[in-house]
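Remarks on the overall topology
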Amino acid sequence: MLKTYLQVNPQDGKAHLILALAYQKQKQPSLAIAQFKKAFALSPDLPRAHYYLGMEYEDQANSKAALEEFKEELKTNPHFYNAYWQAGNAALALQDFKSAEDFFRQGIALRPLRYEAYDGLAKLFLARQELPQAASELETVISLAPQDIEAHALLARVYEKMGKTMEASREDLVVETLRAGSDVNHSANSDH
């Protein structure tokens, strides 16, 4: 339907964006990227278009291109939290620790009760071997998202590196408990 619509209205940037997202869901990256670029050419300030293209580049492990798209998104949409922590992740992948930290902190300032930017900071501190800071950020992640198995597992590893074996064992137990609970919930849901 979108292709038919675009044959009649080829200048509709939003329709190109929607088609790009459809291609993205169908795992057709080259078609998605082509449609994103058409959307930008027609509507340079289209909200979230650069963000979704950045996500496409991130899926292709092209952190440099992803970071550029997230930065573009923030120029037109400076209150979009997800673009900050995704930009931080892309900068972290490029080992640009200063930029990564700046993006994560801007995200936290914008949405202090969301956990993703704290998680990014924790991984940044871990990459820099700043274990107490990493542990602190992971504790914040867990306070905001107590069911996050990955955060508990990572905190256990950080505690181990810090020599806090009792705390590490506690986090490992939490991980086992959460995994067992998710396995039970998954089995119960599949029975329906």
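The preceding data block contains the structure.
First, a word on what this report is: a plain description of the structure on this page. (Residues numbered from 1 in each chain as written. Predicted model: local features only at pLDDT ≥ 70, side-chain atom pairs only at ≥ 80, totals over all residues. Heavy atoms only, no water.)

1. Overview of the overall build of the protein chain
- Assigned secondary structure in the protein chain consists of eleven helices and zero strands.
- For the C-alpha atoms alone, the extent of the protein chain along its principal axes is close to 65 × 50 × 25 Å.
- Residues classed as buried in the protein chain amount to 43% of the 192 residues present.
- Put simply, of all contacts in the protein chain between residues at least 6 apart along the chain, 42% involve residues at least 24 apart.
- As displayed, the protein chain has an accessible area near 10,800 Å², and 54% of this comes from carbon and sulfur atoms. (Helix = DSSP H or I, 4+ residues; strand = E, 2+ residues; numbered from the N terminus. Buried < 20%, exposed > 50% of the residue type's maximum accessible area, 1.4 Å probe, protein only. Contact = heavy atoms within 4.5 Å. Areas by Shrake-Rupley, 256 points an atom, 1.4 Å probe, with all protein chains shown as cover.)

2. Considering the environment of Arg128
- Topologically, Arg128 is positioned in the loop between α8 (116-127) and α9 (131-144).
- On the accessibility criterion, Arg128 (27% relative accessible area) is partly exposed.
- Each residue touching Arg128, except ones within four places of it in the same chain, is listed here: Phe97 and Glu101.
- At 3.2 Å, the side chain of Arg128 and the side chain of Glu130 are in polar contact. (Polar contact = N/O pair within 3.5 Å; in protein donor to acceptor, adjacent residues only side chain to side chain.)

3. Section: the pattern of salt bridges
- All told, the structure shown has twelve salt bridges when counted by the stated rule.
- Note that Glu116 and Arg114 form a salt bridge whose closest N and O atoms lie 3.1 Å from each other.
- Classification of Glu116 as buried rests on a relative accessible area of 12%.
- Assessed through its relative accessible area of 32%, Arg114 is described here as partly exposed.
- Among the ionic pairs, Arg157 bridges to Asp172, the shortest N-O distance being 2.9 Å. Residue Arg157 is located in helix α10 (residues 149-161), and its partner Asp172 is located in helix α11 (residues 165-190); the two are separated by 15 residues in the primary sequence.
- On the basis of relative accessible area, Arg157 is assigned to the partly exposed category, the value being 33%. (Salt bridge = Lys/Arg side-chain N within 4 Å of Asp/Glu carboxyl O.)

4. Considering the packing of helix α5 (residues 63-76) against helix α6 (residues 81-93)
- Packing of α5 against α6 brings their axes to within 9 Å, and their N-to-C directions diverge by 150°. The pairing of α5 with α6 is recorded here as roughly antiparallel in orientation. Seen from above, α5 lies across α6 with left-handed handedness. Judged by residue contacts, Ser63, Leu67, Phe70, Glu73 and Leu74 of α5 engage Ala83, Tyr84, Gln86, Ala87, Ala90, Ala91 and Ala93 from α6.
- Residue composition of the contact of α5 with α6, by class: nine nonpolar, two polar and one charged. (Axes fitted to C-alpha atoms, helices over the stretch in contact; angles between N-to-C directions. Parallel < 35°, antiparallel > 145°, perpendicular 65-115°, else oblique. Left-handed = near helix turned anticlockwise from the far one by under 90°. Nonpolar A, V, L, I, M, F, W, Y, C, P; charged D, E, K, R; others polar.)

5. Re the side chain of Gln24
- Summarising the element assignment, Gln24 is placed in helix α2 (residues 13-25).
- A polar contact of 3.0 Å, which involves the side chain of Gln24, links it to the backbone oxygen of Tyr52.

6. Structural notes on the environment of Leu124
- Position of Leu124 relative to the elements: it lies in helix α8.
- For Leu124, a relative accessible area of 0% translates into the label buried.
- Counting along the chain gives 42 residues from Leu124 to Met166, while the straight-line C-alpha distance between them is 24 Å.
- When near neighbours in sequence (up to four residues on either side) are disregarded, Leu124 contacts Leu92, Phe97, Ala100 and Glu101.

7. Focus: unusual backbone geometry
- At Ala61, a position not held by glycine, the phi torsion is positive, near 60°.
- Within the secondary structure, Ala61 sits in the loop between α4 (49-59) and α5.
- If you check the backbone angles, Gln129 has positive phi at about 60° while not being a glycine.
- The residue Gln129 is located in the loop between α8 and α9 in this model.
- Looking at Gln129, the relative accessible area reads 53%, which means it is exposed.

Fair warning: the whole summary comes from geometry, so function is off the table for now.
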